Amino acid sequence: MSFESREGLLHAEAVPLTAIAERVGTPVYVYSASMMRARYAELDAALTGSRHQLCYAVKANSNLSVLRLFAGLGAGFDIVSAGELQRVVSAGGDPARVVFSGVGKSSEEIDFALKHAVGCFNIESGGELVRLAERARLLGKKANVAVRVNPDVDAKTHPYISTGLKENKFGVPAEQALELYAAIRADMHLNALGIACHIGSQISSVQPFAEALDNLLVLVDTLETQGVSLGHLDIGGGLGISYQNEPCLDAAVYGSTLTQRLANRDLTLVIEPGRYLVGEAGLLLTTVEYLKPRPTHEHKNFAVVDAAMNDLIRPALYRAWHPVTRVTPPAPGLEPRPWDIVGPVCESGDFLAEDRRLALAAGDLLAISAAGAYGMVLSSNYNSRSRPAEVMVHGDSFQVVRRRETLRDQMALEQPDERCAARP
Ligand code: LLP
């Protein structure tokens, strides 16, 4: 539907990717608006059994046009910094539907969020709760709070993106959560609105979510006996997508599993999906610059492309697998062989894909798929490379939604300031 080959030419919706490459150049991220909408609608429908709020996890892809699209669908947002909140506000999102997650919110960030009256602060430690209460008192505000509980559930995902185990830095253990709720209750500047968790990312089975939810419901019941009645339960994000052959999480099963458990309870279900909504709705378009076949080493042929680890770091960082496909058919007679798709960055870890059987020639356009989540947001200027452009496709038209960075942009922040004398 969103990215498919038509007569041998890969399209984003009804736009041939060659048209985007010609107009905008490469590397460029290309997003499908209709796929983002479809994924949102699918999750929303899967949760109809419960009162619910989808809070898109901004960190997955924070482009303002992506945020505007979700705001237009009535989404809330999961944020982890003042920067993400500013983006949500700039994109027309409703701060009342924002949950503010993260282990290290600064006083400035807390103040900024209080002034915008965000819907809920997800608290991750006793120290943070004390800080929030103090800032709310100083500003004369009352903060809605959910304690992020670490449910000690194994999400069976990559260790870097697993967050719900005892040994991870996130959330607080159940026993401590009860103490924090007692402190919230005793403070007139705090309101116990909900309870939260997030167990990890790229989770392909429903079972860890069910387990986490059950653990949270035990706490909800205990709190009820203590006279604390919560309004929402936030199960976090983490819904997995299909990169290689792994099964994409089944939204309908996910939805029914969660909503069944909440039947007969007066709780709004909050979820914080990022990757599921945008991951498969984006690809990175790149051009082959050079081929370095190695006649003596059949399995180490290098195709050097114009995108690199600074544009898409997931393969280098997690050994993540992204599909790589040609955009146009190969020239007749070109033999496929295994290629490592590598970038121009001066590191052996700079690969986008390894050992892919493709018929390639210099100048070919390649699509690196499932790159809509944790792609552009994790890009950098390493090797002083300018970050790629981003394009949003709507049916048969497309729009640059972030222009390609220039060298001038890169150097703009490096004009030396006045020297400051260090005095004893
Ligand atoms: N909520 C919280 C509190 C989170 O920490 C995260 C992701 C999400 C929601 C959204 O998770 P999602 O639905 O996207 O799985 N850079 C890694 C992923 C890091 C995820 C961090 N937290 C990657 O490229 O795989």
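Positions within a chain are numbered from 1, following the residues in the order the chain's sequence is written. Under the rules for a predicted model, residues below a pLDDT of 70 receive no local features and side-chain atom pairs below 80 are neither given nor counted, while totals for whole chains, interfaces and linings still include all residues. In computing side-chain properties, one takes all heavy atoms of the structure into account and sets aside hydrogens as well as water.

## Notes on the overall build of the protein
We count a stretch as a helix when DSSP gives it H or I for four or more residues in a row; a strand needs E for two or more, and each element gets its number in order from the N terminus. Of regular secondary structure, the protein possesses 12 helices and 20 strands. With the C-alpha coordinates aligned to their principal axes, the bounding extent of the protein is approximately 75 × 65 × 40 Å. Burial here depends on accessible area, computed with a 1.4 Å probe over protein chains only, as a share of the maximum for the residue type. Under 20% is buried, over 50% is exposed, and the range in between is partly exposed. Within the protein, buried positions represent 54% of all 424 residues. Of all intrachain contacts in the protein linking residues separated by at least 6 positions in sequence, the fraction that spans at least 24 positions is 69%. In this description, accessible areas are obtained by the Shrake-Rupley approach with a 1.4 Å probe, and a residue is regarded as covered only by the protein chains that are shown. Summed over its atoms, the accessible surface of the protein is roughly 18,800 Å², and 51% of this surface lies on carbon and sulfur atoms. For the protein, the separation between the mean place of its 41 positive charges and that of its 49 negative charges on side chains is 4 Å. The contact definition used throughout considers only heavy atoms, calling two residues in contact when any of these lie within 4.5 Å. In this charge count, Lys and Arg are treated as positive and Asp and Glu as negative; neither His nor the chain ends contribute. For this purpose, a charge sits on NZ of Lys, CZ of Arg, CG of Asp or CD of Glu.

## Considering the sheet that holds strand β1 (residues 3–6)
For two strands to be treated as a pair, DSSP must find at least two bridges joining them. In spatial order, the strands read β1-β2-β3; together these three strands make up an open sheet with antiparallel pairing. Only two strands of the sheet have a single neighbouring strand rather than two, namely β1 and β3 (15–16). Where strand β2 (residues 9–12) meets β3, two bridges bridge the pair, whose relative direction is antiparallel. Bridge pairing links A12 to V15 in β3.

## Considerations on the pattern of salt bridges
Salt bridge, as applied in this entry: a Lys or Arg side-chain nitrogen positioned within 4 Å of an Asp or Glu carboxyl oxygen. Applying the stated criterion across every chain, the model contains 17 salt bridges. With a shortest N-O distance of 2.6 Å, R403 and D409 are connected by a salt bridge. Salt bridges sharing common partners tie together R39, E42 and E280.

## Focus on the state of the cysteines
What makes a disulfide is a covalent bond joining the sulfur atoms belonging to two cysteines. Pairs of cysteine sulfur atoms within 2.5 Å are what we label disulfides. For the structure shown, the criterion picks out zero disulfides. No disulfide involves C120; its nearest neighbouring cysteine sulfur is the one of C55, lying 9.3 Å away.

## Topic: the site of the ligand
What surrounds the ligand is a group of 20 residues, the closest being S201, E272, R314, Y318 and Y374. Within 3.5 Å is the distance limit for a polar contact, defined as a pair of N or O atoms, with the added protein rule that one can donate a hydrogen and the other accept it, and that residues adjacent in sequence qualify only through two side-chain atoms. Here an oxygen atom of the ligand sits 2.8 Å away from a polar atom, N or O, in the main chain of G238. R314 places a side-chain nitrogen or oxygen 2.6 Å from an oxygen atom of the ligand. Contact with the protein chains covers 91% of the free accessible surface of the ligand, which is 590 Å². Here the shell around the ligand gathers at least three residues from each of two domains, domain 1 (3–30 + 279–411) and domain 2 (102–271). In these notes, residues near a molecule or strand are those with any non-hydrogen atom within 4 Å of it. An automatic or database domain assignment provides the domain bounds reported here.

## Let's talk about the side chain of T259
Mapped onto the elements, T259 comes out in helix α9 (residues 251–262). For T259, the contacting residues outside a window of four places in its chain are L47, G49 and S50.

## Here's the deal with the domain arrangement of the protein
When its domains are assigned, the protein resolves into domain 1 (3–30 + 279–411) and domain 2 (102–271). If you average the C-alpha positions of domain 1 and of domain 2, the two centres end up 36 Å apart. On the side of domain 2, eight residues touch domain 1, which itself brings nine residues to the contact. Accessible-area loss on putting two parts together, using a 1.4 Å probe and summing over both, is the definition of buried area adopted here. Carbon and sulfur atoms supply 60% of the area that domain 1 and domain 2 bury against each other, a total of about 810 Å² over both sides. Of all residues in domain 1, E280, Y318 and W321 give up the largest surface area on contact with domain 2, accounting jointly for 60% of the area buried on that side. Our count for the domain 1 to domain 2 interface comes out at zero salt bridges. The tally of links from domain 1 across to domain 2 stands at one residue pair in polar contact (both at pLDDT 80 or more). Nonpolar residues are Ala, Val, Leu, Ile, Met, Phe, Trp, Tyr, Cys and Pro. Charged residues are Asp, Glu, Lys and Arg, and all others, Gly as well, are polar. Across the side of domain 1 that touches domain 2, the residue classes break down as five nonpolar, two polar and two charged.

## Some points on the packing of helix α4 (residues 82–90) against helix α5 (residues 107–115)
Where α4 meets α5, the axes come as close as 9 Å, and the angle between the chain directions of the two elements is 25°. Overall, the two elements α4 and α5 adopt an arrangement that is roughly parallel. Along this stretch, α4 crosses α5, giving a crossing that reads as left-handed. Residues A82, L85 and Q86 of α4 form the contact with α5, whose participating residues are E109, F112 and A113. Across the contact of α4 with α5, the residue classes break down as four nonpolar, one polar and one charged. Axes here refer to lines fitted to C-alpha atoms; in helices the fit is confined to the stretch in contact. Angles between the N-to-C directions go from 0 to 180 degrees. Orientation labels follow simple angle bins: below 35 degrees gives roughly parallel, above 145 gives roughly antiparallel, 65 to 115 gives roughly perpendicular, and whatever is left gives oblique. Handedness of a crossing follows from how the near helix is turned relative to the far one, being left-handed for an anticlockwise turn of less than a right angle and right-handed for a clockwise one.

## Concerning the side chain of T268
Relative to the elements of secondary structure, T268 occurs in strand β12 (residues 268–271). Excluding anything up to four places from it in sequence, T268 contacts R51, H52, Q53, G231, H232 and L233.

## Looking at the sheet that holds strand β7 (residues 98–100)
Pairing is parallel in the closed barrel, where eight strands are placed in the order β5-β6-β7-β8-β9-β10-β11-β12. In this sheet, adjacent strand axes meet at a mean angle of 30° when their direction is disregarded. Strand direction decides the pairing type here: strand β5 (residues 52–57) and β12, joined by three bridges, are parallel. Within the sheet, the bridge partner assigned to H52 lies in β12 and is L269. Packed on one face of the sheet, α5 meets β7, β8 (120–123) and β9 (143–148) and runs near 150° to β8.

## Concerning the packing of α5 against helix α6 (residues 126–139)
Across the interface, α5 lies against α6 with an axial gap of 10 Å and an inter-helix angle of 50°. Accordingly, the angle class assigned to the pair α5 and α6 is oblique. Considering the relative orientation of α5 and α6, their crossing is right-handed. Seen from α5, the contacting residues are S107, I110, D111, L114 and K115; seen from α6, they are R131, L132, R135, A136 and L139. Its residues assigned to classes, the contact of α5 with α6 shows five nonpolar, one polar and four charged.

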